[in-house]
Amino acid sequence: MGFHDVRFPVALSFGAFGGPERRCEIVTLANGFEERNSPWAHARRRYDAGLGLRALEDVETVMGFFEARRGPLFGFRWKDWLDFRSAPAARPVEPLDQQIGFGDDTTTAFQLVKRYGDGPSPYLRPIAKPIAGSVRVAVGGDEIGPGEGVEVDHATGLVRFAVPPAMGEIVTAGFEFDVPARFDTETLSGSVAGFRAGTVPEIPVVEIRL
């Protein structure tokens, strides 16, 4: 699957509508009870970044980005302004934000994840596109700084240790991240709405699996 490691212009994604989509199959039985099943282990997010009245430069930027991606052919990074951090909006990112695994004296690679919900059945969302320079890692509650035996693959979201964490040690991380996405249309239509202003009413974007 083709993917360009570039970000949709952040200033133009601000204000986009969208969020997670879940696929569920629901069958109502003769007795009124339901059987429910989901073929998707993970949600898929959809967005609409349609530009209202904007400067022509903004419209040109979006058109250029669309063409460079060959429409929906190549994926790209997308900032979801509603959900792009490991921490709640009220506080900064910290290395203890998300538990990503336990040490076993053997495993050296851990996938970044974000936990949603409390209780016995939280949802763990794999994070594949962390922001470079934003990831902070801790083992057993102690932060591991840059150059201290840990590397982050910003193309996959894997955290790799030079030495495997000790048995039972909790591995945690804090980070900012993007959503891997693509355009969900083969046609991008715009118009000149006024002097030095233009509009692109719909810019559908959909999350992709990597």
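The following refers to the structure shown.

1. Some remarks on the side chain of Thr185
Looking at the element boundaries, Thr185 is found in the loop between strand 18 (177-183) and strand 19 (191-194). A relative accessible area of 17% places Thr185 in the buried class. A distance of 2.8 Å separates the side chain of Thr185 from the backbone oxygen of Thr187, its partner in a polar contact. Apart from the residues within four sequence positions on either side, Thr185 is in contact with Phe66, Pro72 and Pro204.

2. Here we look at the nonpolar core
Within the largest apolar cluster, 18 residues are counted, with the highest numbers of intra-cluster contacts made by Phe8, Val62, Phe76, Trp78, Phe183, Ile203 and Val205. Take this core: its biggest share by element is 4 residues, from helix 2 (residues 56-68). Phe110, Val113, Ile144 and Val159 belong to the second-largest nonpolar core, a separate cluster that totals 16 residues.

3. So, the sheet that holds strand 8 (residues 98-102)
The 4 strands are arranged 8-17-13-14 in an open sheet whose pairing can be described as antiparallel. Looking at which strands have only one partner, the edges of the open sheet turn out to be strand 8 and strand 14 (142-144). On average, adjacent strands in this sheet sit at an angle of 30° to one another, irrespective of strand direction. Of the pairings in the sheet, the one linking strand 13 (residues 136-139) to strand 14 comprises 3 bridges and is antiparallel in character. Its bridge partner lying in strand 14, Ala138 is registered against Glu143.

Scoring rules and cut-offs
- Residues numbered from 1 in each chain as written.
- Predicted model: local features only at pLDDT ≥ 70, side-chain atom pairs only at ≥ 80, totals over all residues.
- Heavy atoms only, no water.
- Helix = DSSP H or I, 4+ residues; strand = E, 2+ residues; numbered from the N terminus.
- Buried < 20%, exposed > 50% of the residue type's maximum accessible area, 1.4 Å probe, protein only.
- Polar contact = N/O pair within 3.5 Å; in protein donor to acceptor, adjacent residues only side chain to side chain.
- Contact = heavy atoms within 4.5 Å.
- Core = buried A, V, L, I, M, F, W, Y, C linked by side-chain atoms within 4.5 Å.
- Pairing = 2+ DSSP bridges.
- Axes fitted to C-alpha atoms, helices over the stretch in contact; angles between N-to-C directions.

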